[in-house]
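# Structural description and commentary
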Amino acid sequence: MSLNTILILGAPGSGKGTQAKFIADQYGYKHLSSGDILRKTASEDTEIGRSIASIIAAGELVPDELINKMFLNSFKNLEGEKIICDGYPRKLSQAEFLADNSFVFDAVIYLNVSLEEVTDRISGRLTAKLSGETYHVKHRPPKVDGVCDVSGEKLIIREDDKPETVKKRYSVYLKETQPLLEFYGKKSVVIEIDSEQSMDIVWKEIEKEVFKKK
Ligand code: AP5
Ligand code: MG
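By the secondary structure assignment, threonine 41 is in helix H2 (residues 34-42). One polar contact links the side chain of threonine 41 to the main-chain carbonyl oxygen of isoleucine 37, over a distance of 3.1 Å. If we skip the residues at most four places from it in the chain, threonine 41 touches Gly49, Ile52 and Met70.

The next thing to look at is the pairing of strand E4 (residues 107-112). With 5 of 6 residues buried, E4 lies mostly within the body of the structure. Note that E4 and strand E7 (residues 190-194) share 5 bridges and pair parallel. Considered in E7, the bridge of isoleucine 109 is made with isoleucine 191.

Taken together, 33 residues sit near ligand 1, with Thr18, Ser34, Glu60, Arg90 and Arg169 positioned nearest. Here a nitrogen atom of ligand 1 sits 2.7 Å away from a polar atom, N or O, in the side chain of serine 34. A distance of 2.5 Å separates an oxygen atom of ligand 1 from a polar backbone atom of glutamate 60. At the level of elements, helix H1 (16-27), H2 and strand E6 (134-136) are the ones that each hand at least two residues to the shell around ligand 1. Considering every element that reaches the shell around ligand 1, the biggest residue donor is H2, with 4 residues. Grouping the amino acids of the shell around ligand 1 by side-chain chemistry returns 10 nonpolar, 14 polar and 9 charged.

Another point: the packing of aromatic side chains. This model, assessed by the stated rule, comprises 11 aromatic pairs. Ring centres 6.1 Å apart and planes at 65° place the aromatic pair tyrosine 29 and phenylalanine 211 in the edge-to-face group. With a gap of 182 residues between them, tyrosine 29 in the loop between H1 and strand E2 (30-33) and phenylalanine 211 in the segment after helix H9 (199-209) connect regions that are remote in the sequence. Taking the relative accessible area as the measure of exposure, tyrosine 29 reaches 7% and is therefore buried.

Our next topic: the pairing of strand E1 (residues 5-10). Along E1, 6 of the 6 residues are buried, which leaves the element largely enclosed by surrounding structure. Where burial is concerned, the two faces of E1 agree: the one with Thr5, Leu7 and Leu9 and the one with Ile6, Ile8 and Gly10 are both buried. Where E1 lies against strand E3 (residues 83-86), 4 bridges are found, and the strand directions are parallel. Across the sheet, isoleucine 8 pairs through a bridge with aspartate 86, a residue of E3.

As a further point, take the pattern of salt bridges. For side chains bearing opposite charge, pairing can occur when the charged atoms are close. Taken as a whole and assessed by the stated rule, the structure comprises 18 salt bridges. For arginine 121, the salt bridge goes to glutamate 117, with nearest N and O atoms at 2.9 Å. Taken as a pair, arginine 121 and glutamate 117 lie in helix H6 (residues 115-123) at a separation of 4 residues, close to a single helical turn. The salt bridge involving aspartate 160 is made with arginine 158; its shortest N-O contact spans 3.1 Å. A single burial state applies to aspartate 160 and to arginine 158, both of which are buried. Within this structure, Arg125, Arg158, Asp160, Asp161 and Arg169 form a network of salt bridges that share partners.

Calculation criteria
- Residues numbered from 1 in each chain as written.
- Chains lettered and ligands numbered in written order.
- Predicted model: local features only at pLDDT ≥ 70, side-chain atom pairs only at ≥ 80, totals over all residues.
- Heavy atoms only, no water.
- Helix = DSSP H or I, 4+ residues; strand = E, 2+ residues; numbered from the N terminus.
- Polar contact = N/O pair within 3.5 Å; in protein donor to acceptor, adjacent residues only side chain to side chain.
- Contact = heavy atoms within 4.5 Å.
- Buried < 20%, exposed > 50% of the residue type's maximum accessible area, 1.4 Å probe, protein only.
- Pairing = 2+ DSSP bridges.
- Near = heavy atom within 4 Å.
- Nonpolar A, V, L, I, M, F, W, Y, C, P; charged D, E, K, R; others polar.
- Phe/Tyr/Trp six-rings, centres within 6.5 Å; stacked < 30°, edge-to-face > 60°.
- Salt bridge = Lys/Arg side-chain N within 4 Å of Asp/Glu carboxyl O.

Right, dumping it as structure tokens:
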């Protein structure tokens, strides 16, 4: 089966961005991260930018009208390319919108991880805005403290990585995003990966289960 369109699903901090980047780099996919796209718009000094920034900082979801249009346009622009979607769709209404627009995922990767583990991961996360790389103070430290290995830019801590916002994001995930597993499960394309394991083991499992690497 050809895998042109993949969705990676999981709680905040489950490793979606990390594993999506591996898929993009090693299998030639375009990585579409809704969070990265929205954070870029949020950093602009415009009315829409400020509005998105305050929604993200509160751990809420931005309105469907905004994100649906953004992604449908990207899919049209990337027609013929292999894409890995990270963070979109993340609620039933978004998944239904895509289905109504005849967009189908060839595979859905579900990274299953506990709340304790995501709390530890997010509390040590360091992000590189320009390169899109993600580090962790313990599990994936950069070679030089506070600096991205790839771009040399200064690493930052995300605005929404404060413990109280992480709790809110996790509860939004349980309520809004987990139902997608049943939605896509009915189309039998969900591949569950135990993401409680180390980054390398998770990656090996994705290669084995999704890309059928021997
Ligand atoms: P988004 O940026 O998508 O955030 P999220 O879903 O909360 O997920 P994260 O990016 O926090 O975690 P991740 O799973 O990518 O983990 P990572 O690989 O970084 O969305 C942010 C906000 O944007 C939302 O709250 C919402 O406001 C808005 N938004 C986005 N999409 C939207 C949509 N569709 N509709 C409406 N609003 C939307 O890993 C985490 C850390 O752990 C890193 O430090 C990493 O190095 C480390 N790590 C990764 N894997 C492992 C491992 N196996 N073992 C140990 N450490 C690991
Ligand atoms: Mg991410």
